[in-house]
Amino acid sequence: MVGKFGGHPSRLRKPNLVNKMNLTSNFFKWRFRVPSFLKFGSRIPIAILIGALAGVFIAFIIILFTDFDKVRALAGFKPNITTKIYDKNGFLISELFRQKREVVELSKIPKTLIDAFIANEDREFYDHFGINIKGIVRAFFINIFSGRIKQGGSTITQQLAKILLTSRRRSIYRKVKDIFIAIMMEFFYTKDKILELYFNQIFLGHGVYGVESASRFYFQKHVWDLDLAESALLATLPSSPNRLSPIRHPKRSMERHKIVLASMVEVGFINIQQAEEAFLGFWPGYLEYINELSPTQNTFSIRMDRAPWFTEYIRRIVINKYGERTVYENGLMIYTTLDLNKQIAGQRILKESLNRQSVISNRLLFKNEDHIVEKYSDTIEIFSLLFNLKQYSKKGSYILKKLNDYLQKNIIDELEIINYLIGLNNIGAALDSYRSIHYDDKIFQNVEGSIISINHTNGYIETMIGGNEFSSINQLNRVMQSQRQPGSAIKPLLYAAAIESGKYTTASAILDSPIVYLDNEGSDWIPENYEGEYYGLVRLRSALAKSINGVSIRIADNLGIDYIMKYFSKLLKIKDKDVTKRIPRNFSIALGSFEVSPFELARAYAIIANGGKDVIPYCIRHIKDRNGDILENQEQEISRILKEKREKEEINIISSQTAQVVISMLCSVITYGTGRVAEIGMPAGGKTGTTNNWKDAWFVGFTPLLTTCVWTGYDGKGLSLGIGQSGGAVAAPIWAKYMGEVMKNNSFINFPQYAKLVETRVCARSGKLPSHNCSNIIDEVFIKDTIPEETCEVCKDIHYTVKIHKKGPKSNIARVQRKEILKNIKSANDEDSFLNNIGNDLLE
């Protein structure tokens, strides 16, 4: 028979005491045999090994002392917290952060949440000194019997040590270090302080740190409002936030939720009935809620940002000034000038309007036969002859579509080649004109726009919307970063210059008739009115209301180009060194042929609306650090600057009398002019603006409290909004809808009286004092000492007047007149003549 350990039973005898001793001696000789290199007299003395071990021990002690200082520094520890951006009324606009964390005091954390975490994470928290021997032993046996690491023995203090002062890499060294640091933390800090640090630092999944941020993320409420079920659910997350997330794994989360509630019952924090009621009462409603959420949702994807265009503008400013670390980690409090209600209304209105305009503009492509034929018929005929191409019919809407295809296939490429080789201006202009309404260029773009509102009484930027919808591919802030031609929206600045010069009044009558300017090469430029009509003798107020181009050019001609450029740069606040770069020296600038940003134009109008006094728009009132100390106060600084200007009598950009007159004139634009659609039921003034081929549509206007600029157009400067899509048709309705909504709760007030004007009756035809022959007499306002002294002679022998609208020439004037003008120009031979600087750009 074979024995239990092998061999025959007869050979298995009980060993005597000597044998036992020999066996033991041999075992120890084999098990603990000293390596030869450690024996006395070997080449490497054992002293070296002892020294090495001592060195390691000393190094470990030094590391612990270093950690000792770190532990003591925790008394002043400040975790990373979010930077918050507020509007002028204290409403939260947005947050900036890398880790979503909200710091709360322990006193605000409910007892149920503390109990849940203690029951699940560290039941002996209030009894141990940083490490829990019983917990370590319990975890050891649980892991042994389960065959895997199922439970850890770390206390809450050890977890905090790992989060704050050690790496998260699994190693024996880190575990030992955790223990020593935890003991030191328990020595220096109270249990409550340790809990407070822990609750504000613990990671709870989906990019959330701390129980307050977790409460807001998972339940949309503050931590102090959590109930038992919600507290227990948060307590399930520390060990494995992603694996136990109720949003990603609801079934797994439910099972873990039961365990935490059972643990609370076992410890004695709650009873069984409370646990059952909490569990059963919570999950039906919560499952319905999380069913609508994306599993990939995190705190970054749902980051609150109620005004993204404004937030991004603020973010760039503060990062440039304070650096990314301060902005993203140190919890600044940025108090801005934004009015969140206005901003939200503007974002909604602009988005709806631009989406609708995109549809309209696409439908208008190649729908107007006269426009297409006028633009391209001559080109087609010429190149059909040059390239022996088939002649094409030019009638019928279907033919127009085929005409476009024909142009693309047979004409455009040849035009490009010839223009490249020869460089003919006319061909280049034709190509630009064609592409301005070309379908293939427009179909991949949407109509864009912007809104900026400035409270001209204090400089607050209350609304800033840089485009349709803020996204990763649409972040160009068109309010501040885009410059476009303003068209007729520049005219109030021209008329302000006219009034301030003393040469004109609101009643000054100017002849609106065809006028031609020729350069030295004989090319002509004929400013045309929007509708191609001329009105004859027209008063200044009516000329602005109807946006008559001919009158604007005659005013600029009379005042002089240098005077106009200087005046424009003053109101637009263009630096002296940039004036000649930005404002071309020709009279087309009277029609807005140079580029400005919506912000610059809005600021210029705000100065007028503020009675000519300087307006310094700004967006940040003041910034506080996490302790509430003020880092900067722009509101106070700007108030100081304006106060100094008042004391030095430098506050006025233009005279208050001029501003008062221009305000009155701009009110007429809305009352009976091109801006009639902008009527909002309260005192308001403004001006439309449209550029060549309807590329840009503007409306800039103001009420007694707010100045707002609206721009619409394509980002591609050559693309057209479509035939007839003017400022009055596109931008003015947006302005009216927006201003009507944001100003509806303001009490009805009129414009302040910045300067006393004199009201006098004048002839509506001539603008002079009425005679007995004048049948149409109106009331008009004047600056003192500018009241007309002459009596009307125009209405003599005229018992009634009939308004006659005459069509002006499209491209030519009488040949004899042209020759005469050209002859005079050549004889003058004045190189500094303004005629040498006339632009060929025609702004309608």
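Up top is the structure these notes are about.
The rules we used
- Residues numbered from 1 in each chain as written.
- Predicted model: local features only at pLDDT ≥ 70, side-chain atom pairs only at ≥ 80, totals over all residues.
- Heavy atoms only, no water.
- Pairing = 2+ DSSP bridges.
- Helix = DSSP H or I, 4+ residues; strand = E, 2+ residues; numbered from the N terminus.
- Axes fitted to C-alpha atoms, helices over the stretch in contact; angles between N-to-C directions.
- Contact = heavy atoms within 4.5 Å.
- Core = buried A, V, L, I, M, F, W, Y, C linked by side-chain atoms within 4.5 Å.
- Buried < 20%, exposed > 50% of the residue type's maximum accessible area, 1.4 Å probe, protein only.
- Salt bridge = Lys/Arg side-chain N within 4 Å of Asp/Glu carboxyl O.
- Phe/Tyr/Trp six-rings, centres within 6.5 Å; stacked < 30°, edge-to-face > 60°.
- Lys NZ or Arg CZ within 6 Å of the ring centre and 35° of its normal.
- Parallel < 35°, antiparallel > 145°, perpendicular 65-115°, else oblique.
- Left-handed = near helix turned anticlockwise from the far one by under 90°.
- Nonpolar A, V, L, I, M, F, W, Y, C, P; charged D, E, K, R; others polar.

## Things to note about the sheet that holds strand 14 (residues 630–633)
Pairing is mixed across the open sheet formed by five strands, whose spatial order is 2-1-5-13-14. The open sheet has two edge strands, strand 2 (92–96) and strand 14, and neither has a second partner. Adjacent strand axes in the sheet meet at a mean angle of 15°, parallel and antiparallel pairs treated alike. By the bridge criterion, four bridges tie strand 1 (residues 83–86) to strand 2 in an arrangement that is antiparallel.

## A few points about the sheet that holds strand 6 (residues 448–455)
Spatial ordering of the open sheet is given by 7-6-17-16-15, a layout of five strands whose pairing is antiparallel. With partners counted over all chains shown, the strands left at the sheet margins are strand 7 (460–465) and strand 15 (685–690), one partner each. Taking each pair of neighbouring strands and ignoring which way they run, the sheet shows an average axis angle of 10°. As judged from the seven bridges shared by strand 6 and strand 17 (residues 707–713), these two strands associate in the antiparallel manner. Bridging from a neighbouring strand, I454 pairs with T707 of strand 17.

## Concerning the environment of I561
Take I561: it is sitting in helix 22 (residues 561–572). In sequence terms I561 and N586 are 25 residues apart; their C-alpha atoms lie 6.8 Å from each other. Beyond its immediate stretch of four places on either side in the chain, I561 contacts A556, R585, N586, F587 and I589.

## Let's talk about the nonpolar core
Y495, L540, V551, I555, F568, L572 and L601 are the most contacted members of the largest nonpolar core, which has 87 residues in total. If you tally residues by element for this core, the top one is helix 24 (residues 598–609), at nine residues. Discounting chain neighbours no more than four positions away, the residues touching V551 are Y495, I510, D512, V538, L540 and A543. Core analysis: the second largest hydrophobic core is formed by 54 residues, I194, A214, V223 and A275 among them.

## With respect to helix 3 (residues 111–121)
Taking burial as the measure, the 11 residues of helix 3 include nine buried ones, the bulk of the element. When helix 3 is considered as a whole, its buried residues turn out to be L113, I114, D115, A116, F117, I118, A119, N120 and E121.

## Digging into the pattern of salt bridges
Counting across every chain of the model gives 40 salt bridges. Among the salt bridges present, the one from R539 reaches E780, with a minimum N-O distance of 3.7 Å. In this pair, R539 is assigned in strand 12 (residues 536–539) and E780 in strand 19 (residues 777–782), connecting sequence segments 241 residues apart. Bridged by salt links that share partners, the residues K84, E95, K100 and E102 form one connected network.

## Considering the environment of C763
By secondary structure assignment, the location of C763 is in strand 18 (residues 758–763). Setting aside its immediate chain neighbours within four residues, C763 contacts R539, K768, P770, C774, N776, C792 and C795.

## Thoughts on the packing of aromatic side chains
For any pair of aromatic rings, the description consists of the separation of the ring centres together with the inter-plane angle of the planes. Inspection of the entire model under this criterion finds 23 aromatic pairs. Measuring from centroid to centroid gives 5.0 Å for F217 and Y218, while their planes differ by 90°, and the two rings are edge-to-face. Y218 matches F217 in its accessibility class, with the two residues each being buried. Geometrically, the ring pair formed by Y218 and F219 is tilted, given 6.3 Å between the ring centres and 50° between the ring planes. Overall, Y218 belongs to the buried group, its relative accessible area being 1%. Here the aromatic cluster, defined as three or more aromatic residues joined through ring pairs, consists of F217, Y218, F219, F279, F282, W283, Y286 and Y289. The ring of W224 is capped by K108, whose NZ or CZ atom sits 5.3 Å from the centre of that ring. If you follow K191 out to its NZ or CZ, it ends over the ring of F125, 4.6 Å from the centre.

## Considering the packing of helix 19 (residues 491–501) against helix 22
It is the contact of helix 19 with helix 22, at a shortest axis distance of 10 Å, that shows an interaxial angle of 115°. The pairing of helix 19 with helix 22 is recorded here as roughly perpendicular in orientation. The chirality of how helix 19 crosses helix 22 is right-handed. Only Y563, I564, Y567, F568, K570, L571 and L572 of helix 22 make contact with helix 19, whose side of the interface consists of L493, L494, A496, A497, E500 and S501. Tallied by class, the residues present in the contact of helix 19 with helix 22 amount to 10 nonpolar, one polar and two charged.

## Examining the pairing of strand 5 (residues 333–336)
Side chains M333 and Y335 project from strand 5 onto one buried face, and the interleaved I334 and T336 project onto a second face that is buried too. Pairing of strand 1 with strand 5 involves three bridges; the strand directions are parallel. Its bridge partner being in strand 5, I85 is matched across the sheet by I334. As defined by bridge partners, strand 5 adjoins strand 13 (residues 620–624) across four bridges and the pair is classed as antiparallel. Bridge pairing in strand 13 links I334 to I623.

## Some thoughts on the packing of helix 9 (residues 228–235) against helix 11 (residues 272–290)
Between two packed helices, what matters for the description is the angle formed by their axes and the separation of those axes. Following both chains from N to C, one finds helix 9 and helix 11 inclined at 85°, their axes separated by 8 Å at the closest point. With respect to helix 11, the element helix 9 is oriented roughly perpendicular. Seen from helix 9, the contacting residues are L228, A229, E230 and L233; seen from helix 11, they are Q274, A278, F282, W283 and Y286. For the contact of helix 9 with helix 11, the residue count by class is seven nonpolar, one polar and one charged.

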